[in-house]
Every structure is written in C-alpha cells, then in structure tokens.
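Listed here are the chains, written in short residue letters.
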Amino acid sequence: MTTRFDTLRTFTAIKAAGVDETAAQAITTAIQDSILDVRDQLSTKADVEGLRTSIKSDIENVRVKLEAEFTVVRGEMKTWAADIGSKISDAQTASIRWTAGLLIAAVSTTVALIKLL
C-alpha cells in the first residue's frame, strides 16, 4: 500500500497555523523532499529477496568449504591413528624381543651356574 503526500493539505494546514505563504511553501517542499528521500532508501521486497538469496549462497559456499576442510582433517586423523597404531605395534614387538632376550640371558646364566655346581 502506497501512501501519497498531499502537498495542498499540508500547505493549507501549515498556512492555517499562522505561517506566511512563502514559508509554508518552503516547509511543504522540505517535507515532501524528505519523504521522497525516505522512500528511495526503503528496501523493496525484491531487494530483501535478493539479499536473502545472496546470504543463502554465501552460507552454502562456507558450508562447502568447511565440509572440504573436515574431509581433509578426517583423512589426517586416520593417518595419525594408523601411525600411532604402527608405533604401538613396533613398541610391543620391541618389548617382546627385549623380554625374550632377558629370558634367554637368564636361562643361559642359570645353565652356566648349574654347570659350575
């Protein structure tokens, strides 16, 4: 709904308030210009829809970028997990070898002591 500015009615009301004709005309023109400036600055439904579309597009772009980043991070985490698993396995193997070495040394020492007796 568009409202129109009634210059004659405004001019008449200002003049009836005791303002001289020249000043009433200047005031009426200033009010009308201000109203036109405000109308020019108001967003239309199309403006709002355009902004909405633009914002939705920006959000989708960010979502796609984040999804790509998450994919990279997930891949890195899988690699790290595999590396950690491998290191744990290597550590277990080394521990078993060390323990076996100690056991062999203990048995050898025990056999040597038994021979000495």
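Residues numbered from 1 in each chain as written. Predicted model: local features only at pLDDT ≥ 70, side-chain atom pairs only at ≥ 80, totals over all residues. Heavy atoms only, no water.

(A) The overall build of the chain, seen in detail. For the chain, the helix and strand inventory stands at three helices and zero strands. Its helices and strands in sequence order give the chain the pattern α-α-α, from N to C terminus. Over its C-alpha atoms the chain spans a radius of gyration of 44 Å, topping by over 25% the 13 Å that the globule rule assigns to 117 residues. Out of the 117 residues belonging to the chain, those deemed buried represent 4%. If you sum the accessible surface of the chain, you get close to 10,200 Å²; carbon and sulfur atoms cover 64% of it. Of the side chains in the chain, 14 bear a positive and 15 a negative charge, and the two mean positions are spaced by 13 Å. (Helix = DSSP H or I, 4+ residues; strand = E, 2+ residues; numbered from the N terminus. Rg over C-alpha atoms; globule rule 2.2 N^0.38 Å. Buried < 20%, exposed > 50% of the residue type's maximum accessible area, 1.4 Å probe, protein only. Areas by Shrake-Rupley, 256 points an atom, 1.4 Å probe, with all protein chains shown as cover. Lys, Arg positive; Asp, Glu negative; His and termini not counted. Charge placed at Lys NZ, Arg CZ, Asp CG, Glu CD.)

(B) View of the environment of Trp 98. Along the chain, Trp 98 turns up in helix 3 (residues 45-116). Along the backbone, Trp 98 and Thr 22 are 76 residues apart, and their C-alpha atoms lie at a distance of 108 Å.

(C) Just the confidence of the model for the chain, in detail. Averaged over all residues, the pLDDT of the chain equals 90, while 97% of them reach at least 70. When mean pLDDT is compared element by element in the chain, helix 3 scores highest at 93, while helix 2 (residues 21-41) scores lowest at 89. (pLDDT = per-residue confidence, 0-100.)

(D) Geometry of helix 1 (residues 7-16). Along helix 1, the positions that sit buried rather than exposed are Thr 10, Phe 11 and Ile 14. Looking straight down helix 1, one finds that the buried residues subtend no more than 100 degrees of arc, so they occupy a single side. Every exposed residue of helix 1 that faces more than 90 degrees away from the buried side is listed here: Leu 8, Arg 9 and Ala 16. Measuring from the backbone nitrogen of Leu 8 back to the side-chain oxygen at the start of helix 1 gives 3.3 Å, which picks out Asp 6 as the cap. Taken from the residues just after helix 1, Gly 18 is the one with a positive phi, measuring 100 degrees. (Arc of directions from axis to C-beta. Polar contact = N/O pair within 3.5 Å; in protein donor to acceptor, adjacent residues only side chain to side chain.)

(E) Molecular detail of a nonpolar patch on the surface. On the surface, Val 73, Met 77, Trp 80, Ile 84 and Ile 88 cluster together into a nonpolar patch covering about 510 Å² of accessible area. Relative to the elements of secondary structure, Trp 80 occurs in helix 3. By relative accessible area, which is 52% here, Trp 80 ends up exposed. (Patch = residues over 30% accessible without salt bridge, like charges linked within 9 Å, V, L, I, M, F, W, Y side chains within 5 Å. Salt bridge = Lys/Arg side-chain N within 4 Å of Asp/Glu carboxyl O.)

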